[in-house]
Amino acid sequence: MADQLIRATAAEGGIRAVGAITTRLTEEARQRHNLSYVATAALGRTMTAGLLMASSMKRIGSRVNIRVKGDGPLGGILVDGGLDGTVRGYVQNPTVELPPNAKGKLDVGGAVGEGYFYVVRDVGYGYPYSSTVELVSGEIGDDVAHYLLNSEQTPSAVVLGVFVGSEGVTAAGGLLVQVLPKAARDEALVETLESRVAALSGFTPLLQAGKSLTEIFHDLLGDMGLNIFPETQMLRFHCSCSLERVLGALKMLGEAELRDMIVKDDGAEATCDFCGTVYQASSAQLAQLIADLQAEDSA
């Protein structure tokens, strides 16, 4: 099934729901970064979270940046997700592996450890909005829900999952359900919704059972006035890096550093953290950067 995202409302607009399938883009990230099992799960969950959170933004070009910084062996996780359905990300220590946790699942919480969950929302103009909360479990889903409740005052249920085996990622995605103020006063509705979300065995088992996002929504909210939006958004792993951007960054190092690279290394090499692409800048290209700097100084 293609990576995709759909949106819905229920309870006369009092409940907002977003679902995403991110299997292929998570597998692409695994291959690009040579991720371990637990690192794949951690990054896949966080990329899915970034896409789910970005889906509520309105302005074209809006993006959400998530940084998870814990004291566990995985180090940090950084994800950049957009309203346009693109996402990229990486983990600090991609080869870290841990034994399964007490439930027999990948120990993402143990790999992340204790620390902080940082979010920056860039709406395309003005200053980005940023907020920070403490991690509550390191399992990512709980931490996203904690952030949404404490920083955006929106009670939310977040279910994220990545199933990765010897053949790679075979199922990944997530579900975000939010109770808006007009429905929060209906205690019976909220209790019913909470019990249904709590009864879910996870998200990937639903995908592995052949459930579509539409079917998952109907099972969860079908008797609550469910309204599924007709648009299905395609999702993909995409990085905006380029050789031109690399050359621009090298230019900022200054003439002396560029000359040193030419003499010692006969050029320069740079690797994009987000996608793992390796860029080579030749001596001729570095010499052109020096010429550009000299021309700017003369002007």
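Details of the structure are given in the entry above.
Residues numbered from 1 in each chain as written. Predicted model: local features only at pLDDT ≥ 70, side-chain atom pairs only at ≥ 80, totals over all residues. Heavy atoms only, no water.

Undergrad: How do you make sense of the state of the cysteines when you look at a structure like this?
TA: When the sulfur atoms of two cysteines share a covalent bond, that bond is a disulfide. As enumerated under the stated definition, the model contains 0 disulfides in all. Between Cys239, a cysteine without a disulfide, and Cys272, which holds the nearest cysteine sulfur, the sulfur-to-sulfur distance is 3.6 Å. In this structure Cys275 is a free cysteine whose sulfur lies 3.5 Å from that of Cys241, the closest cysteine sulfur available. Here Cys275 falls in the buried class, since its relative accessible area comes to 4%. (Disulfide = S-S within 2.5 Å. Buried < 20%, exposed > 50% of the residue type's maximum accessible area, 1.4 Å probe, protein only.)

Undergrad: Is there a simple way to think about the environment of Leu293 in this case?
TA: With respect to the helices and strands, Leu293 occurs in helix H11 (residues 283-298). Put simply, Leu293 and Lys251 are 42 residues apart on the chain and 7.8 Å apart in space, counted from C-alpha to C-alpha. Excluding residues that lie within four positions of it along the chain, Leu293 makes contacts with Lys251, Gly254, Glu255 and Leu258. (Helix = DSSP H or I, 4+ residues; strand = E, 2+ residues; numbered from the N terminus. Contact = heavy atoms within 4.5 Å.)

Undergrad: Hey, could you run me through H11 in this one?
TA: Along an α-helix, residues three or four apart share an orientation, since each turn contains 3.6 residues. Over its 16 residues, H11 runs 23 Å from end to end, which matches the ideal 22 Å to within 8%, given 1.5 Å per residue. All of the buried residues along H11 are Ser283, Leu286, Leu289, Ile290 and Leu293. Buried residues along H11 cover an arc of 120° about the axis, so they all sit on one side. Exposed residues lying more than 90 degrees from the buried face of H11 are Ala284 and Ser298. Looking at the packing, one finds that the buried side of H11 touches helix H9 (243-251), helix H10 (255-265), strand S13 (267-271) and strand S14 (278-282). (Expected span 1.5 Å × (residues − 1). Arc of directions from axis to C-beta.)

Undergrad: Would you mind showing me how to read the pairing of S13 here?
TA: Two faces make up the sheet, and in a regular strand the side chains alternate between them. Both S13 and S14 contribute to a ladder of 5 bridges, which runs antiparallel. What sits directly across from Gly267, in S14, is Ser282. (Pairing = 2+ DSSP bridges.)

Undergrad: Would you explain unusual backbone geometry in this entry?
TA: Glycine aside, residues mostly have negative phi angles, and peptide bonds mostly take the trans form. In the Ramachandran plot, Gln153 falls in the positive-phi region, its phi being about 55° despite a non-glycine side chain. For Gln153, the location among the structural elements is in the loop between helix H4 (141-151) and strand S8 (156-165). One non-glycine residue, Asp266, lies in positive phi territory at about 55°. Relative to the helices and strands, Asp266 is located in the loop between H10 and S13. Take Asp266: its relative accessible area is 57%, and that puts it in the exposed class.

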